[in-house]
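Take a look at the letters that make up each chain.
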Amino acid sequence: MEKSSNSTTLGRTKSDQLLETLAAVFKSPTSQSDLAPGTSDSGGTLSRKSSRRLVVGASPARSSGGGSRNAHIRKARSAQMKLDLEELSSGAALSRASSASLGFSFSFTGFTVPPDEIAGSKLFSDDDIPEDIEAGICRPKFQAEPTLPIYLKFREVSYKVVIKGMTSSEERDILNGISGDVSPGEVVALMGPSGSGKTTLLNILGGRLTHSAVAGSVTYNDQPYSKFLKSRIGFVTQDDVLFPHLTVKETLTYAALLRLPLTLTKQQKEKRALDVIYELGLDRCQDTMIGGSFVRGVSGGERKRVCIGNEIIINPSLLFLDEPTSGLDSTTALRTVQTLQDIAEAGKTVLTTIHQPSSRLFHKFDKLIVLGKGNLLYFGKASEATDYFSSIGCSPLIAMNPAEFLLDLANGNLNDISVPPELEDRVQMENYETETRNGKPPPQVVHEYLVEAYELRFSENENKLMDPLHLDEEPKLKVLSSKRQWGASWWQQYCILFIRGIKERRHDYFSWLRITQVLSTAIILGLLWWQSDSKTSRGRQDQAGLLFFIAVFWGFFPVFTAIFTFPQERAMLSKERAADMYRLSAYFLARTTSDLPLDLILPVLFILVVYFMAGLRLSAGPFFLRMLTVFLCIVAAQGLGLAIGATLMDLKRATTLASVTVMTFMLAGGFFVERVPVFISWIRYLSFNYHTYKLLLKVQYQDMVPPLKGIQTDNGSREVGALVAMIFGYRLLAYLSLRRMKLHS
């Protein structure tokens, strides 16, 4: 009995010691010097600006597994420990000591957890992404890899646009003298109301806008923008520009293969894509299609994380994001910004525009830039923004979100905000008639006051901002390099884009709607020309009508399919070309050739149905020659559609021009009018319908005497040569049109 009593007392004493240790940990989570005696300080570092909670979720047997100790930890769940005390109590049942303090419940059997186990437990903040923990695998964070530090500095940046009217043109200021700097390791938020110039400033700083109308200086490590920076800058656009039919894993894998340096192998690049997937918590949806307007796919938050993953996969030195939290709920937005913090902590420079952030989100930014109507209203530490505006007389009269307070000021709205005495005196002296009913000054006057107040503050701190950076020569020389760094050779780029193109467009080409359209047309033609007779003159005339319809159908169909190619992919092409993912020639050739295998499958089914139902020449030679003729017609017509779409880059105008062109080619095709006037007869030689129709007649009536419609029964080399010339000529025109386009290059 005495031994049992001593064991029980020992168990309770050790339990009380453990609870006291935990209480000491929670009492001062930000200071390791306040931990209970005996605890180790090696349990992990604390994240900046975030409190951590201790969660114990593994038994000693599991903890011996090293990295898998925290494999089944779940945030915001109570942790339970059941430990055996056979060596201490010789099988005696001990009472349980439980405690509900701090929202935790512990169950003890008399054995206490060693203090170093407590200190070694992983700490979490409210901002951690659960998917990273639930993966159950400790993966090294590639974001912590070293990269070239880049100090971004911009001085007196201005931008103007010319708005052309019916009778005159007007010059409008978008940005007016914006200055600031961003250092590695900082997350800088760019705030302001709609139309204040946030996206324009972001494009200028990211090198996406190098127009002659841009004034001022933007330097990277005290050097101007160069092509080398394209491989060092990640830019996440406001719109999620992704291929809807590719999965998350395919999207990031293709980005890794195209953007990562040549020194890495294919396996290493694919592994980097998987690391990004797990680090962003996308492992559960990695085999799900991205989706779009008409395709169901991943959620908005996951789509935004895929866009971020596309950029951070190259380990950039500079990361620009245009409203990455728009359309997301507060929790997802918080996780997104937490990811940006993790990226910045690795020595990278992060600059993002933000729209109406929550209060928790606002306090996670290091620096803040507030714009209003293209003017700079504040630049400095985010934590000092409200103090600055209070110093000039603008203080919130009620408790409100700091972001809402700043946006109200940027809009000139002083509701629930104190009016500075200087502003009241100005309104009374100038006797504004536009004063609002509640006694507040008009927004324009408030805006002018804020601009003048910051200009006065800036003039006082101008010397500090203009101090040159004391950098080594090596970072400056690296940034100054004008040599582009391609992630893959030309042939590799072509192969990757070819495979990506087939995977993306196979869903459209083999949709039930398109298959039904082609097969139903073939069946109707077969029924109308059922077992047509080629022995009589009337039967041959009927067959000539069928052959002409085949030439028109497979000339019309590919044109209006190819027209949408480049206008629909313009945003994707601009985004990827701005990042130097591939050469334009590799993209163009891969884009045009990847359509060929898909474009030539449905015509085979069409010819098989029509050929035998209509009773055309039943021999192998004419069958394959007719198939080859249709293929040449399709490729030539597709080239015309590509040329029209690339030249105009507008679907409405391109569709109108294509309709007129195809109708003209059809009328000049030689079926409706045999004797075309001389002054317009040249059009037929540009018509692929005309050459296709002549080839089909020669194949069908090769040995017929006299020839039908005066067609000479030669080998058709002139018609084949004309179609081949159209195939290459139209595509060359399309490529030159794309090269002429002002893409972000």
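Above this text is the structure in question.
What this report covers is the structure whose coordinates are included nearby. (Residues numbered from 1 in each chain as written. Predicted model: local features only at pLDDT ≥ 70, side-chain atom pairs only at ≥ 80, totals over all residues. Heavy atoms only, no water.)

**Quick word on the packing of aromatic side chains**
For the structure on display, the rule yields 29 aromatic pairs. Judged by centre distance (5.8 Å) and plane angle (80°), the rings of Trp554 and Phe557 are edge-to-face. Pair noted here: Trp554 and Phe557 are both in helix H20 (residues 537–562), with a separation of three residues, about one helical turn. For Trp554, a relative accessible area of 3% gives the class buried. Accessibility expressed as a relative area gives 14% for Phe557, which makes it buried. Between Phe556 and Phe560 the ring centres are 4.5 Å apart and the planes differ by 40°, which places this aromatic pair in the tilted class. Taken as a pair, Phe556 and Phe560 lie in helix H20 at a separation of four residues, close to a single helical turn. We classify Phe560 as buried; its relative accessible area is 17%. Connected via pairs of aromatic rings, a cluster forms that spans Tyr378, Tyr388, Phe389, Phe405 and Tyr454. Over the face of the ring belonging to Tyr388 we find Arg457, whose NZ or CZ atom lies 5.0 Å from the ring centre. (Phe/Tyr/Trp six-rings, centres within 6.5 Å; stacked < 30°, edge-to-face > 60°. Helix = DSSP H or I, 4+ residues; strand = E, 2+ residues; numbered from the N terminus. Buried < 20%, exposed > 50% of the residue type's maximum accessible area, 1.4 Å probe, protein only. Lys NZ or Arg CZ within 6 Å of the ring centre and 35° of its normal.)

**Section: the sheet that holds strand E11 (residues 375–381)**
Each strand in a sheet pairs with its neighbour through backbone hydrogen bonds, running either in the same direction (parallel) or in the opposite one (antiparallel). Pairing within the open sheet is mixed, and its six strands lie in the order E7-E8-E9-E5-E10-E11. This sheet does not close on itself; its edge strands, each paired only once, are strand E7 (233–236) and E11. Between one strand and the next, the sheet's axes are offset by a mean angle of 15°, whatever the strand orientation. Across four bridges, the pairing between E7 and strand E8 (residues 318–322) is parallel. Residue pairing for E8: Gly234 is matched across the bridge by Leu319. Running over the sheet, helix H10 (residues 330–345) touches strand E5 (187–191), E8 and strand E9 (349–353) and is turned about 155° from E9. On the sheet, helix H13 (residues 402–410) packs against E5, strand E10 (367–372) and E11 and is oriented at approximately 30° with respect to E10. (Pairing = 2+ DSSP bridges. Axes fitted to C-alpha atoms, helices over the stretch in contact; angles between N-to-C directions. Contact = heavy atoms within 4.5 Å.)

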